[in-house]
Amino acid sequence: MTLALLGLLAGLAGPARAQGDEEAARREPAPTVLAIVVEGARRYTDEQLVRALGQGLGEPLDQFAINRGIDNLYRSLRVRSAVYVRRVEGGVELRLEVVELPADRDPRFVGNNKVKTDDLREWALLEDREELYLHEAPRVRQRILDGYRREGFYWAEVDVLTRGGAEEGVVPDVIFEIREGPRVRVSDVIVRGNDSMPDRGMLLWRRGLSHLARRSLGGPGVLNWFGDRFVEEELQADLVAMRQVYRDRGYLDAVVEVERLDFNEERDRVVIHIVVDEGEPYRVARVGVQAVEWGPRREDGTPSFEPAELLFPEEELVELLELHEGDLFSASGRASDERALLDYYGERGFVDHFSLPRAMRFQIVDPLLIYDVENRTVDVTYRVVQGRELRIREIRFAGTEHTLDRVLRRELSVFPGGPADMVEIRRSLARIQGTGYFSDPSNPIDHPDPTFRFVEVEGLDSEVDIEFLVEEGRVVDFNVSGGFDTNNGLFALLSVSMRNFDVSRMPSGILAMPGEVYRKEAFHGAGQRLDIEVSPGTQVNRFRIRFQEPDVFRRHLDPIGFDVDLYAREQIFSSHDERRRALVLRLSRRFGRNTSIFGGVQIGDVRVSNLDSTITNQLINFGAPRQPPPGPQSLVDQEADGTQALNGLLGDFVYRELDNLLTPRNGIRFRSNNAFYTDALGSGYEFFSTVNQFDLYTSVRQDRRGLDQVLHFEVDFGVAEPFGSTDVVPYSERFFLGGVRSMRGFEFRGVGPVDPITEFAEGGESTLNGTLEYVIPLLSQTQRRTFQEVETLRGVLFLDYGILDPNGGFPDVDELRVSAGFGIGLAAPLPLTLNFGFPLRDQDGDQLQVFSFGLSIN
């Protein structure tokens, strides 16, 4: 820029005219540019350079355009330039002198035997360029060297050799001479001095400093046979992470550093020695809570705070906190305390949310920490900007173009006129998401989850509107699919499922119906559900139509629902064939937000036929009078009974308090299903059955992606008790264990006791079974717009247990079966599970199966 201005001024001061003052020059009309002469061009044509300069021929001289053009010549063409002006008759002539920076149009790389040239060009940021300017060579060399170090080439060296470029007409030649050296892998990482957090265990049972810091570098292991590549940047990141672990646990003076690196003779393996000086941990001397207000910003731009009056007694707030006098000063304790303060204030309408302006928002700012180095203590004072107590004026929904307002409002536990309770707002959001109306399970990456924001009310400082932001999802699923699993064999599936159905919202015509349903303009928006399913298969054929109305009488907060379910199922077991048909009518009543009861009636029948030849042959050999008859007795008896009515009363109970109904991470769920079959309703069998299931979900830890590792505990207890004219619970209504969904490691219905002659499972009149699972997110993708991570592949470690008792009553613990193993499951877009189960305790006659899977393909 300076060179250009000097050249321009020099031209204006030439023989054609003397330089006047700038004010006079601005008053005169600008002369016309009659010609532009280019000097010094070699690679570029005169036309290219003049076009980049931006001064047109026949146009008035524009000094500002020329200055911009000189900048543009350097930025786009890497040309240094100066412009000189000479007056001629009728105007001016410009002389554009250019000096093209020396460049190599084809830089070369030599010595890269283990890394492809294309990769080198990518590292050097040259993949989309044809030339390299000489002044860029040192930066490119560093990029190449950094790339080698990231790939584990610790000993790599890169030199830049240049030829030409200084003399006129000589094309520069740039050569990057590479000496790669061996790729280095880690043989071991030895940490000493970490006495309070020694490294112990293996795989998922690891403990200690390295595990807590999530150390990335490590030696050979079960899942990494050769050890990690030695990357110095990763080593430094591991050291920082280890130091942070100590800081988080109160060891504020801890020092973590590399003691030495031991390389082998070939220089391709390294043992990393890390030494730790823990020091003494700091403990809490005093804990307090202080209210502050935003003050003016300081000169360096940081905020200042001024004292304010607490709205609640400090003693009451301190009682909520986890950290107390004498406790270790830990980051987890601070985080727990801040969460407790957030919840306490949030339940009372003091809201911390990004959508609110700073003056209204509750915030926890950095605490005031006073350290006593001699005594290793810390005075902790939490500072809160209390903001304003907010109440809800109005609750709105955005994105519900085709869904009725009442469908969402019945999921809310906050109301207009009440406090803006953040705890209940988030619970309401979880229930809205749990409906499934505003999600797309087949494409969770592109479909954002429901969220909310606060909207200020003009003229009202203490009231806000809440706006829940949703996007109607794929609630009409038409599937033509097929699959195979180890329980049900090969099957096809034709189904239509509408999760937000509206039976009263009819299409405008038959021909218009497909388009209107697709656009959610018909049969959509009332929160009802319709499922139609036809599934033929090699082992199972089934048909089902189900309609659910969750709020028949529009009661809103305590709705009464209606459910009609018509289904038929035929299944081929190894021992027999079974056909089941039923019509189920149920009413439901919800109490509060978490509790529901159900009552109804079932009208149906069941038939057992085509007993396996093993059983029929035993009948022939032993004769009908034999006691007990061959094969499971209840199976033989039921086959002789033929088709029998199965009519009864149903009563269910559900309680659930989960943070997310679709993928729970924390919370509990209990369900009790009860049936009473009696001849008073025309049933061929009389018995009572109850199946109770309890689930507990606990988030154990959250990884760097924000995904939770979840511990899931489940226990199921079931009893079937005959009465009246029925002496034994029919075989088709007994309990069985084994397969993909219960007791992995055993075949489908492979858990005994078994009939000693036919080796078929007898089933039980009572069962106690369940699982302990540790679920680990393996792969995820970032959801668009929200930038949240969505789990796509998960791993699971499981311990399954189960007992079957053929005679009813409380199951006999001597019949306990236990299996353990691991599995991999796709969360999206296909429901695929692969399980490897290994029985730890089994009994004679059990049928074992290590591998099992289930798959469904759209």
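Residues numbered from 1 in each chain as written. Predicted model: local features only at pLDDT ≥ 70, side-chain atom pairs only at ≥ 80, totals over all residues. Heavy atoms only, no water.

Structural notes on the overall build of the chain
Looking only at helices and strands, one finds 15 helices and 35 strands in the chain. Expressed as a percentage of the 858 residues in the chain, the buried residues total 44%. Here the analysis covers contacts within the chain between residues at least 6 apart in sequence; of these, 62% occur between residues at least 24 apart. For the chain, the accessible area works out to roughly 43,800 Å², and carbon and sulfur atoms hold 53% of it. (Helix = DSSP H or I, 4+ residues; strand = E, 2+ residues; numbered from the N terminus. Buried < 20%, exposed > 50% of the residue type's maximum accessible area, 1.4 Å probe, protein only. Contact = heavy atoms within 4.5 Å. Areas by Shrake-Rupley, 256 points an atom, 1.4 Å probe, with all protein chains shown as cover.)

So, the sheet that holds strand E14 (residues 363–372)
On the basis of which strands lie adjacent, the open sheet formed by four strands has the order E13-E12-E15-E14 and mixed pairing. Each edge of the sheet is formed by a strand with only one pairing partner; in this case those strands are strand E13 (305–308) and E14. Strand-to-strand twist of the sheet, defined as the mean angle between neighbouring strand axes without regard to direction, takes the value 40°. Taken together, the eight bridges between strand E12 (residues 283–294) and strand E15 (residues 377–385) define a ladder with parallel strand orientation. Residue pairing in the sheet places Arg 286 in a bridge with Asp 379 of E15. (Pairing = 2+ DSSP bridges. Axes fitted to C-alpha atoms, helices over the stretch in contact; angles between N-to-C directions.)

So, the environment of Leu 311
With respect to the element layout, Leu 311 can be found in the loop between E13 and helix H9 (314–319). Apart from residues lying up to four places away in sequence, Leu 311 is in contact with Phe 350 and Gln 386.

Re the sheet that holds strand E9 (residues 185–192)
Spatial strand order, E9-E11-E10: three strands in an open sheet with mixed pairing. The sheet is open, and its two borders are formed by E9 and strand E10 (255–263), each paired with just one other strand. The average undirected angle you get between the axes of adjacent strands in this sheet is 20°. Sheet analysis places E10 next to strand E11 (residues 269–277), joined by eight bridges and oriented antiparallel. Within the sheet, the bridge partner assigned to Val 255 lies in E11 and is Asp 277.

Observations concerning the nonpolar core
A general tendency of soluble globular proteins is for nonpolar side chains to be buried together. Judged by nonpolar contacts, the single largest core of 24 residues is most densely connected at Ile 425, Ile 432, Phe 454 and Phe 468. Mapped onto this core, the elements with two or more residues apiece are strand E16 (391–398), helix H11 (405–409), helix H12 (422–434), strand E17 (451–457) and strand E18 (460–469). Per element, the largest residue contribution to this core is four residues, and it comes from H12. What Ile 432 contacts, discounting residues up to four positions off in sequence, is Phe 397, Leu 408, Glu 411, Leu 412, Phe 438, Pro 450, Phe 468 and Val 470. (Core = buried A, V, L, I, M, F, W, Y, C linked by side-chain atoms within 4.5 Å.)

Things to note about helix H8 (residues 232–248)
With 17 residues, H8 should reach 24 Å at 1.5 Å per residue; the first-to-last C-alpha distance of 24 Å fits that figure. Looking only at H8, the buried set comprises Leu 235, Asp 238, Leu 239, Met 242, Val 245 and Tyr 246. Seen from one end, H8 has its buried residues packed into an arc of 115°, which puts them on one side. Where H8 is buried, its residues contact E9, helix H7 (209–212), E10 and E11. At the C-terminal side of H8, Gly 250 shows a positive phi close to 95°. (Expected span 1.5 Å × (residues − 1). Arc of directions from axis to C-beta.)

Quick word on unusual backbone geometry
At the junction of Gly 752 and Pro 753, the peptide bond is cis and its omega measures out at 15° in the coordinates. Tracing the backbone through its elements, the reader meets Pro 753 in the loop between strand E30 (708–722) and strand E31 (766–782). With a phi close to 55°, Arg 214 is a non-glycine residue in the positive phi region. Along the polypeptide, Arg 214 turns up in the loop between H7 and H8. Assessed through its relative accessible area of 29%, Arg 214 is described here as partly exposed.

So, the packing of aromatic side chains
Any pair of aromatic rings gets described here by the distance separating the centres and the angle formed by the planes. The final tally for this structure, using the stated rule, is 31 aromatic pairs. Measuring from centroid to centroid gives 5.3 Å for Phe 312 and Tyr 344, while their planes differ by 85°, and the two rings are edge-to-face. With Phe 312 in the loop between E13 and H9 and Tyr 344 in helix H10 (residues 331–347), this pair connects stretches of sequence that are 32 residues apart. Overall, Phe 312 belongs to the buried group, its relative accessible area being 18%. By relative accessible area, which is 7% here, Tyr 344 ends up buried. (Phe/Tyr/Trp six-rings, centres within 6.5 Å; stacked < 30°, edge-to-face > 60°.)

Overview of the confidence of the model for the chain
Counting all residues, the mean pLDDT for the chain is 86, and 90% of those residues have values of 70 or more. Overall, residues 1–22 carries pLDDT values under 50, and its contacts beyond four positions in sequence, including any with other chains, amount to 27 contacts. Confidence drops under a pLDDT of 50 for residues 619–631, and excluding neighbours within four residues, the segment shows twelve contacts in the predicted structure. (pLDDT = per-residue confidence, 0-100.)

Thoughts on the pattern of salt bridges
Close approach of charged atoms lets side chains of opposite charge pair. Taken as a whole, this structure holds 47 salt bridges when the rule is applied. Residues Glu 151 and Arg 229 are paired through a salt bridge, measuring 2.6 Å at the closest nitrogen-oxygen approach. Highlighted residues: Glu 151 in the loop between helix H6 (137–150) and strand E7 (157–163) and Arg 229 in the loop between H7 and H8, separated in sequence by 78 residues. Arg 229 sits in the partly exposed class, given a relative accessible area of 32%. Residues Arg 542 and Glu 533 are paired through a salt bridge, measuring 2.5 Å at the closest nitrogen-oxygen approach. Connected via shared salt-bridge partners are Glu 157, Asp 159, Glu 177 and Arg 179. (Salt bridge = Lys/Arg side-chain N within 4 Å of Asp/Glu carboxyl O.)

Here's the deal with H6
In an α-helix, one full turn covers 3.6 residues, which means residues spaced three or four apart are oriented alike. Over its 14 residues, H6 extends 20 Å from the first C-alpha to the last, a length consistent with the 20 Å expected when each residue adds 1.5 Å. Within the span of H6, buried status applies to Ala 137, Val 140, Ile 144, Leu 145, Gly 147 and Tyr 148. Mapping the buried residues of H6 onto a view down its axis gives an arc of 155°, with all of them on the same face. Structurally, H6 contributes buried residues whose contacts are with strand E5 (108–110), helix H5 (117–123), strand E6 (132–133), E7 and strand E8 (173–179). Where H6 terminates, the next one or two residues include Gly 152, which has phi positive at roughly 95°.

Things to note about the environment of Ala 52
By the element assignment, Ala 52 lies in helix H3 (residues 46–53). By relative accessible area, which is 13% here, Ala 52 ends up buried. Sequence-distant contacts of Ala 52, that is, excluding residues within four places in its chain, are made with Gly 69, Asn 72, Leu 73 and Leu 77.

Here we look at a negative patch on the surface
A cluster of like negative charges, contributed by Asp 118, Asp 119, Glu 122, Glu 127 and Asp 128, occupies part of the molecular surface. Structurally, Glu 127 is set in the loop between H5 and E6. (Patch = residues over 30% accessible without salt bridge, like charges linked within 9 Å, V, L, I, M, F, W, Y side chains within 5 Å. Lys, Arg positive; Asp, Glu negative; His and termini not counted. Charge placed at Lys NZ, Arg CZ, Asp CG, Glu CD.)

Concerning the environment of Thr 643
Note that Thr 643 resides in the loop between helix H15 (633–641) and strand E26 (644–645). Taking the C-alpha atoms as reference, Thr 643 lies 7.4 Å from Val 608; in sequence the two are 35 residues apart. Every residue in contact with Thr 643, bar those within four places of it in the chain, is listed here: Arg 579, Asp 605, Val 606 and Arg 607.

Concerning the pairing of E11
Bridging between E9 and E11 involves seven bridges; their strand directions are parallel. Within the sheet, the bridge partner assigned to Val 189 lies in E11 and is Ile 272. Hairpin connection, E10 to E11: the antiparallel pair is bridged by five residues, and Arg 267 has positive phi, about 60°.

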